[in-house]
Amino acid sequence: MEIFSRHHWHGAGFWLVAAGVALMSAAPRAQAQTPRTRQSASANADLAQRILETMLRVPGNQAGYRTVHAKGLVCQGTFTPSPDAASLSKAAHFQQVTPVVVRFSDGAPDPLIPDASANAGPRGLAIRFTLPDASVTDVVAMSHNGFVVANGEEFLALQTAIVSTDPTRPHPWPVETFLGSHPLAAKFVQDNQRVPASFATEAFFSNDAFVFVNAAGTRQVGRYQIRPVAGERDLTDAEASGKPSNFLIDDLKTRLAAGPVEFRLVVQIPNPGDATDDPSAVWPHDRRTIEVGPLTITSVVADSAAAEKALAFDPVRLTGGIELSDDGLPALRSLVYALAAAHRR
């Protein structure tokens, strides 16, 4: 199965790595452990270490930068919960207006990658909500609906296939063999060649499922979607070919200088039988959604470069009213993020 030419392989590795870890982050909070959970935690820690060590072998990584999503821009704004938000969750930011810090990013490990490159996807959006008690909670999302693989073991196998691929060797390459047996991963690679017209016209997806708990104790599984109020738009190949290297970042700065950029924070609700433990399994578009509220981006922070070095987002940095589901990937991703954050610092 010949998927890549030698000319395009370097970027294809970028796409696949970006699929796995959206933004580097801090370590997860400690939880009480039983012998079984200690064994599981030990296995997860070993897997996380092997994933990071393999990812660091992918071309393009640079010391001092995130292992993926190295190029980005940090902004600030507010989240305003809708009337329906409180019925979904008792989380503090679902009850009142909350300040946010967000980071938009390209997906590649190369901090100098051109924004219009077909190798720069998927784009990332991470949101940090600062709650009334000064604690924080995060949402980590990417611009592809559906994760590249179902679990951590498959992700390690993918990374191993990437770094084992020598484009001077005959086809099929190890990565092509992997993609040939994982059609959703192959689709992920193909889909992420597109280039958005703007960060403001890009949609983002958590892919991982979480459990939302309201004041009455009602529990509801859901996945975040972050939809642009301006509508979704991609560039044609001809349009993308003429764009400057930093056009997405420059465009966002220009838009914010003229006024706020808005997104809709939405939670998609599964039907009975929809997989909640597999982030690569996309729920159909006709599933019910709950409008949680507008995310309003108002400005770039004063020193984005310094801010992004300090920021460490974490998909399991949750708060009361939002819990982990049976999707095991967020906990593993959190471990990888912590290791990667320590490595880049």
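Look up a bit, the structure's there.
Residues numbered from 1 in each chain as written. Predicted model: local features only at pLDDT ≥ 70, side-chain atom pairs only at ≥ 80, totals over all residues. Heavy atoms only, no water.

A. Representation of the packing of helix α5 (residues 174–181) against helix α6 (residues 183–191). Relative orientation of the contacting elements α5 and α6 amounts to 115°, with a least axis distance of 5 Å. With respect to α6, the element α5 is oriented roughly perpendicular. From α5, Phe178, Leu179 and Ser181 reach across to α6, where they touch Pro183, Ala185, Ala186 and Val189. Its residues assigned to classes, the contact of α5 with α6 shows six nonpolar, one polar and no charged. (Axes fitted to C-alpha atoms, helices over the stretch in contact; angles between N-to-C directions. Helix = DSSP H or I, 4+ residues; strand = E, 2+ residues; numbered from the N terminus. Parallel < 35°, antiparallel > 145°, perpendicular 65-115°, else oblique. Contact = heavy atoms within 4.5 Å. Nonpolar A, V, L, I, M, F, W, Y, C, P; charged D, E, K, R; others polar.)

B. Spatial organisation of unusual backbone geometry. Here the residue pair Gly121 and Pro122 is connected by a cis peptide bond, since its omega of -5° sits within 30 degrees of zero. With respect to the secondary-structure elements, Pro122 resides in the loop between β2 (98–105) and β3 (124–130). Cis geometry is adopted by the peptide bond preceding Pro172, which originates at His171 and carries an omega value of 0°. Structurally, Pro172 can be placed in the loop between α4 (152–164) and α5. A positive phi angle, close to 55°, is found at His69, a residue other than glycine. Along the chain, the position of His69 falls in the loop between α2 (35–55) and β1 (72–79). Residue classification places His69 among the buried residues on the basis of a relative accessible area of 0%. Of note, Asn207 is a non-glycine position whose phi angle comes to about 65°, a positive value. (Buried < 20%, exposed > 50% of the residue type's maximum accessible area, 1.4 Å probe, protein only.)

C. Broad picture of the pairing of strand β9 (residues 289–300). With five bridges joining them, β1 and β9 adopt antiparallel strand pairing. Residue pairing for β9: Thr78 is matched across the bridge by Thr296. Bridging between strand β8 (residues 261–268) and β9 involves eight bridges; their strand directions are antiparallel. Within β9, the position partnered with Val261 by the bridge is Ile297. (Pairing = 2+ DSSP bridges.)

D. Layout of the pattern of salt bridges. For the structure on display, the rule yields 17 salt bridges. Here Arg317 ties to Asp138 by a salt bridge, and the two come within 2.5 Å at their closest N and O atoms. Separated by 179 residues along the polypeptide, Arg317 in the loop between α9 (304–310) and β10 (322–324) and Asp138 in strand β4 (residues 136–142) bring together distant segments of the chain. Taking the relative accessible area as the measure of exposure, Arg317 reaches 18% and is therefore buried. Judged by relative accessible area, which is 4%, Asp138 ranks as buried. Note that Asp286 and Arg287 form a salt bridge whose closest N and O atoms lie 2.8 Å from each other. (Salt bridge = Lys/Arg side-chain N within 4 Å of Asp/Glu carboxyl O.)

E. Representation of the packing of aromatic side chains in the model. In total, this model carries 10 aromatic pairs according to the counting rule given. Look at Phe104 and Phe199: their rings are 5.3 Å apart centre to centre, the planes differ by 40°, and that puts the pair in the tilted class. Here Phe199 lies in the loop between α6 and β5 (204–205) and Phe104 lies in strand β2, a separation of 95 residues in the sequence. Taken individually, Phe104 and Phe199 each receive the classification buried, so the pair is uniform in this respect. Residues Phe212 and Tyr224 carry aromatic rings whose centres are separated by 5.4 Å and whose planes lie at 85° to one another, so their mutual orientation is edge-to-face. A residue pair is termed long-range when its members are at least 10 positions apart, and Phe212 in strand β6 (residues 210–213) and Tyr224 in strand β7 (residues 219–228) qualify at 12 residues. Judged on exposure class, the residue Phe212 and its partner Tyr224 are both buried. Ring pairing ties together the aromatic residues Phe79, Phe94, Phe129, Phe210, Phe212 and Tyr224, which thus form one cluster. In this structure, Arg128 packs its charged tip against the face of Phe313, placed 5.2 Å from the ring centre. (Phe/Tyr/Trp six-rings, centres within 6.5 Å; stacked < 30°, edge-to-face > 60°. Lys NZ or Arg CZ within 6 Å of the ring centre and 35° of its normal.)

F. Local environment of the pairing of β2. Along β2, six of the eight residues are buried, which leaves the element largely enclosed by surrounding structure. In this structure, β1 lies alongside β2, joined through eight bridges in antiparallel fashion. Paired with Gln76 across the two strands is Val101, which belongs to β2. Pairing of β2 with β3, which is carried by six bridges, proceeds in the antiparallel orientation. Looking across to β3, one finds that Ser105 is bridged to Gly124.

G. Quick look at α4. For α4, with 13 residues, the first-to-last C-alpha span of 18 Å sits near the 18 Å given by 1.5 Å per residue. Among the residues of α4, those classed as buried are Gly152, Phe155, Leu156, Leu158, Gln159, Ala161, Ile162 and Val163. By the N-cap criterion, in which a side-chain oxygen at the helix start approaches the backbone nitrogen of a residue two or three places on, α4 is capped by Asn151, the distance to Glu153 being 3.2 Å. (Expected span 1.5 Å × (residues − 1). Polar contact = N/O pair within 3.5 Å; in protein donor to acceptor, adjacent residues only side chain to side chain.)

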